[in-house]
Amino acid sequence: MPTAVLTDRERTAVQAYLRLLHTVRAAFDVSSGSPEAGRPPVVPPAVLAEAEQALARAGLAGNEEAFFRLLHTWCPPDA
């Protein structure tokens, strides 16, 4: 399995994206049975802002192809 050596900023961007992804998945999880299940999902703006800022600092804002290639290398789908 190939490994990728990320810069600190790239690693921060990947981690922020993964936190955002998990937050969005949790927001859309209607099987939780919570009383708020009928409400529209809400993603905290701070989580989205963190991901956007991390991407910008890593030089990946607006370059989704490079970011997802980096994400795939660092965190393969079968891992």
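Caption draft 1: Inspection of the packing of aromatic side chains at higher detail. The full count for this structure, using the stated rule, is three aromatic pairs. Ring geometry for Tyr 17 and Phe 67: centres 5.3 Å apart, planes at 75°, overall edge-to-face. Of the two residues, Tyr 17 is situated in helix 1 (residues 8-28) and Phe 67 in helix 3 (residues 64-74); the sequence distance between them amounts to 50 residues. Residue Phe 67 is classed as buried on the basis of its relative accessible area of 4%. Relative to Phe 68, the ring of Phe 67 has its centre 5.3 Å away and its plane inclined at 70°; by these criteria the two rings are edge-to-face. Three or more aromatic residues joined by ring pairs make a cluster, and in this case those are Tyr 17, Phe 67 and Phe 68.

Caption draft 2: Broad picture of the packing of helix 1 against helix 2 (residues 45-57). In the contact formed by helix 1 and helix 2, the axes pass within 8 Å of each other and the chain directions differ by 155°. The angle between the axes of helix 1 and helix 2 places the two elements in the roughly antiparallel class. The element helix 1 and its partner helix 2 pack so that their crossing is left-handed. Residues Arg 9, Thr 12, Ala 13, Ala 16, Arg 19, Leu 20 and Thr 23 of helix 1 lie in contact with helix 2, whose contacting residues are Val 47, Leu 48, Glu 50, Ala 51, Ala 54, Leu 55 and Arg 57.

Caption draft 3: How the structure looks around the confidence of the model for the protein. When pLDDT is averaged across the protein, the result is 79; 78% of the residues are at 70 or more. The lowest-confidence element of the protein is helix 3, averaging 81 in pLDDT; the highest-confidence one is helix 2, averaging 89.

Caption draft 4: Main features of the environment of Gly 62. By secondary structure assignment, the location of Gly 62 is in the loop between helix 2 and helix 3. Along the sequence, Gly 62 and Glu 52 sit 10 residues apart, while their C-alpha atoms lie 9.9 Å from each other.

Caption draft 5: Structural view of the packing of helix 1 against helix 3. The geometry of helix 1 relative to helix 3 is characterised by a closest axis approach of 11 Å and an angle of 85° between their N-to-C directions. Classified by the angle their axes make, helix 1 and helix 3 are roughly perpendicular. Two secondary-structure elements touch here, helix 1 through Glu 10, Arg 11, Ala 13, Val 14, Gln 15, Tyr 17 and Leu 18 and helix 3 through Phe 67, Phe 68, Leu 70, Leu 71 and Trp 74. The residue makeup of the contact of helix 1 with helix 3, split by class, is nine nonpolar, one polar and two charged.

Rules behind the numbers
- Residues numbered from 1 in each chain as written.
- Predicted model: local features only at pLDDT ≥ 70, side-chain atom pairs only at ≥ 80, totals over all residues.
- Heavy atoms only, no water.
- Phe/Tyr/Trp six-rings, centres within 6.5 Å; stacked < 30°, edge-to-face > 60°.
- Helix = DSSP H or I, 4+ residues; strand = E, 2+ residues; numbered from the N terminus.
- Buried < 20%, exposed > 50% of the residue type's maximum accessible area, 1.4 Å probe, protein only.
- Axes fitted to C-alpha atoms, helices over the stretch in contact; angles between N-to-C directions.
- Parallel < 35°, antiparallel > 145°, perpendicular 65-115°, else oblique.
- Left-handed = near helix turned anticlockwise from the far one by under 90°.
- Contact = heavy atoms within 4.5 Å.
- pLDDT = per-residue confidence, 0-100.
- Nonpolar A, V, L, I, M, F, W, Y, C, P; charged D, E, K, R; others polar.

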